[in-house]
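Topology and contacts: notes
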Amino acid sequence: MNKIKLLDTIATLKPIPIERLQLVEEDYTSIESLPSGQVGTIVEVYEQKEYYLVEFADTQGCEYAMATLRADEILVLHYDLAIA
């Protein structure tokens, strides 16, 4: 498995409860969780190497939430096919 890096695009593998989210937009305070499959960007890699700060933004680039997630909660998305 490839190492998760700063600025990688990820998708959540399971819902992230609102208690674990830092919401930026007040419009989203009524949600119970961030659904699985939500796309975000790694904006910080913590020293433990198994925790990542992920920013979630809409299609216009406006951030609406952040969360610290474990490696087993995310899937790194790839645009290019890596050939071994």
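The structure under discussion appears in the preceding block.
Now for a look at the structure at hand. This structure is a prediction, so every number in the text was calculated from the model and none was measured. (Residues numbered from 1 in each chain as written. Predicted model: local features only at pLDDT ≥ 70, side-chain atom pairs only at ≥ 80, totals over all residues. Heavy atoms only, no water.)

Describing the overall build of the protein
Looking only at helices and strands, the protein features 0 helices and 8 strands. In sequence order, the secondary structure elements of the protein are arranged as β-β-β-β-β-β-β-β. Projected onto the principal axes, the alpha-carbon positions of the protein cover approximately 45 × 30 × 20 Å. Buried residues in the protein amount to 29% of all 84 residues. At a minimum sequence separation of 6, the contacts of the protein that also span at least 24 residues come to 52%. Surface exposure of the protein reaches about 6,000 Å², of which carbon and sulfur atoms provide 52%. If you average the places of the 6 positive and of the 15 negative side-chain charges in the protein, the two averages end up 12 Å apart. (Helix = DSSP H or I, 4+ residues; strand = E, 2+ residues; numbered from the N terminus. Buried < 20%, exposed > 50% of the residue type's maximum accessible area, 1.4 Å probe, protein only. Contact = heavy atoms within 4.5 Å. Areas by Shrake-Rupley, 256 points an atom, 1.4 Å probe, with all protein chains shown as cover. Lys, Arg positive; Asp, Glu negative; His and termini not counted. Charge placed at Lys NZ, Arg CZ, Asp CG, Glu CD.)

Points about unusual backbone geometry
The phi dihedral of leucine 7 is positive, around 75°, even though this residue is not glycine. Note on placement: leucine 7 falls in the segment before β1 (9–12).

Details of the sheet that holds strand β5 (residues 39–45)
The strand order β3-β7-β6-β5-β1-β8 describes an open sheet built from 6 strands, whose pairing is antiparallel. Single-partner strands in this sheet number two, and they are β3 (21–23) and β8 (74–76). The sheet shows a mean angle of 35° between the axes of neighbouring strands, taken without regard to direction. Bridge analysis of β1 against β5 gives 3 bridges, and the strand direction is antiparallel. Across the sheet, threonine 9 pairs through a bridge with threonine 41, a residue of β5. (Pairing = 2+ DSSP bridges. Axes fitted to C-alpha atoms, helices over the stretch in contact; angles between N-to-C directions.)

Topic: a negative patch on the surface
Taken together, the side chains of Glu25, Glu26, Asp27 and Asp58 define an acidic patch exposed on the protein surface. Here aspartate 27 is to be found in the loop between β3 and β4 (33–34). (Patch = residues over 30% accessible without salt bridge, like charges linked within 9 Å, V, L, I, M, F, W, Y side chains within 5 Å. Salt bridge = Lys/Arg side-chain N within 4 Å of Asp/Glu carboxyl O.)

Brief notes about the pattern of salt bridges
Per the stated rule, a full pass over the model turns up 4 salt bridges. Between glutamate 73 and arginine 20 there is a salt bridge whose closest N-O contact spans 2.7 Å. Taken as a pair, glutamate 73 in the loop between β7 (63–70) and β8 and arginine 20 in the loop between β2 (16–17) and β3 lie far apart in primary sequence, 53 residues in all. Residue classification places arginine 20 among the partly exposed residues on the basis of a relative accessible area of 32%. For the salt bridge of arginine 70 with glutamate 73, the shortest nitrogen-to-oxygen distance reads 3.5 Å. Taking the relative accessible area as the measure of exposure, arginine 70 reaches 28% and is therefore partly exposed. For glutamate 73, a relative accessible area of 2% translates into the label buried.

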